[in-house]
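Here are the chains, one letter per residue:
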Amino acid sequence: MTTSEFRVPEIPEIPSLSESEAYCRKITRSRRENFVVVSFLLPRRLHQDFCNVYTYCRLADDLADEIVCPTESLHQLDIWQEHLESCYNGQPKHIAFVALQATIRRFNMPRQPFLDLLTAFRRDQTQTRYETLDDLLHYCRYSANPVGRLILALADSLDDHRAAFSDDICTGLQLANHWQDIAADFRKGRIYLPQDRCRELGVTEEMLKLPKAPPELRRLLREQVAIAADFFQRGRPLLEEVPRWLRVDLKLFIDGGLAALQAIRRADYDVLAKDCKVRRRTQLRLLVNATCRHWLDRQS
């Protein structure tokens, strides 16, 4: 990624809506996640809107993670926010935002979840350790939970009751990603493991440099994986309170997150030596299972 992608040219040529939509589809197809971003069970009328919102979230995350210099990353995140504000107050000029503006207007989407994500990404540039689990969960409130709220908005289902369940699911996904990516995050200078539990269980930063996870780290990860799994269970009631099409995709999100946690368990919590990403064939299996359940629901 080059930061020049995110700068507005002095004499901007505003991309057409079709060009912007094609760009968002390309970004969505090119990224690997623990879940299927746009499954074929999603109503076709919403495919593009999901791609538009995903592209905003994914590229903002890249600005936080892929730019080496924190000062430059913060600068680019400020520009990203200016692009967002143009969706609400004017004419966007960046190719990712022309389509996003159309989605925002179509669904009357709130601005705050988009802004909350940027709050988390800015924090990534200045905070690299979290003292307690509560501190980490507060970070997830901004880094993950807004995504679920945006999805609920696309389903015309955003209210405080359903948002609380959605927050649990998104927090579970964020924690699962953190525990998969411990080695990669450490190379970037970040540790998301709660520092108080690290001290209590004897986990040191030096251990994160090892080729294999020592028993202390595996013991801590066993604990943290269980906590993440509990968040998925707490959020599961949302499946009964959203439209049928979203119910299927939400289950894919949950099952994808649980599959990531199961991959860590299969590796005996050794995330330093083994790649615990969810395999493509596992994603396909989850999608097939969801398809069968969806068909059976329609017959009942």
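Just so we're clear, the structure is a prediction, and the values are computed from it rather than from any experiment.

## Observations regarding the overall build of the chain
And step 1. The number of helices and strands found in the chain is 13 helices and 0 strands.
And step 2. Walking the chain from its N terminus toward its C terminus, one meets helices and strands in the order α-α-α-α-α-α-α-α-α-α-α-α-α.
And step 3. Taking all 300 residues of the chain together, the buried fraction comes to 54%.
And step 4. Taking the contacts inside the chain whose residues are at least 6 apart along the sequence as the reference set, 73% of them involve residues at least 24 apart.
And step 5. In the structure as shown, the chain presents an accessible area of about 14100 Å², 50% of it carried by carbon and sulfur atoms.

## Looking at the packing of helix α2 (residues 44–65) against helix α3 (residues 70–89)
In helix packing, the relevant descriptors are the interaxial angle and the interaxial distance, both defined with respect to the helix axes.
And step 1. Where α2 contacts α3, the two axes come as close as 8 Å, and the packing angle between them is 160 degrees. By the angle between their directions, the pair α2 and α3 is classed as roughly antiparallel. Contacts from Y56, L59, A60, L63 and A64 of α2 reach α3 at S73, Q76, L77, W80 and L84.
And step 2. Across the contact of α2 with α3, the residue classes break down as 8 nonpolar, 2 polar and no charged.

## Some points on the nonpolar core
And step 1. Of all hydrophobic cores here, the largest spans 84 residues; its most connected members are Y56, W80, L100, W179 and L193.
And step 2. Leave out the neighbours within four places in its chain, and L100 touches N52, V53, Y56, L84, C87 and F114.

## Quick look at the environment of A155
And step 1. One can find A155 in the loop between α7 (145–154) and α8 (160–180).
And step 2. On the basis of relative accessibility, which here comes to 10%, the residue A155 falls in the buried class.
And step 3. In the structure, A155 is positioned 48 residues away from F107 in sequence and 8.6 Å away in space, judged by C-alpha atoms.
And step 4. Those residues in contact with A155, other than ones at most four positions away along the chain, are P243, W245 and L246.

## Examining the packing of aromatic side chains
And step 1. Going through the model one piece at a time under the given rule, you end up with 8 aromatic pairs.
And step 2. On the numbers, 4.6 Å between centres and 75 degrees between planes, the contact of W80 with F97 is edge-to-face. Linking W80 in helix α3 with F97 in helix α4 (residues 95–107), this pair joins segments that are 17 residues apart in sequence. A single burial state applies to W80 and to F97, both of which are buried.
And step 3. Here Y130 and Y139 contribute two aromatic rings whose centre-to-centre distance is 5.3 Å and whose plane-to-plane angle is 45 degrees, an arrangement assigned as tilted.
And step 4. Taken together through their ring pairs, the aromatic side chains of Y56, W80, F97 and F114 make up a single cluster.
And step 5. The ring of Y88 has R111 sitting right over it, with the charged end atom 4.5 Å from the ring centre.

## A closer look at the side chain of N145
And step 1. Positionally, N145 belongs in helix α7.
And step 2. The exposure class assigned to N145 is buried, which follows from its relative accessible area of 7%.
And step 3. When sequence neighbours within four positions are dropped, the list of residues in contact with N145 reads C140, D167, C170 and T171.

Scoring rules and cut-offs
- Residues numbered from 1 in each chain as written.
- Predicted model: local features only at pLDDT ≥ 70, side-chain atom pairs only at ≥ 80, totals over all residues.
- Heavy atoms only, no water.
- Helix = DSSP H or I, 4+ residues; strand = E, 2+ residues; numbered from the N terminus.
- Buried < 20%, exposed > 50% of the residue type's maximum accessible area, 1.4 Å probe, protein only.
- Contact = heavy atoms within 4.5 Å.
- Areas by Shrake-Rupley, 256 points an atom, 1.4 Å probe, with all protein chains shown as cover.
- Axes fitted to C-alpha atoms, helices over the stretch in contact; angles between N-to-C directions.
- Parallel < 35°, antiparallel > 145°, perpendicular 65-115°, else oblique.
- Nonpolar A, V, L, I, M, F, W, Y, C, P; charged D, E, K, R; others polar.
- Core = buried A, V, L, I, M, F, W, Y, C linked by side-chain atoms within 4.5 Å.
- Phe/Tyr/Trp six-rings, centres within 6.5 Å; stacked < 30°, edge-to-face > 60°.
- Lys NZ or Arg CZ within 6 Å of the ring centre and 35° of its normal.

Nothing here speaks to function; it is all geometry.
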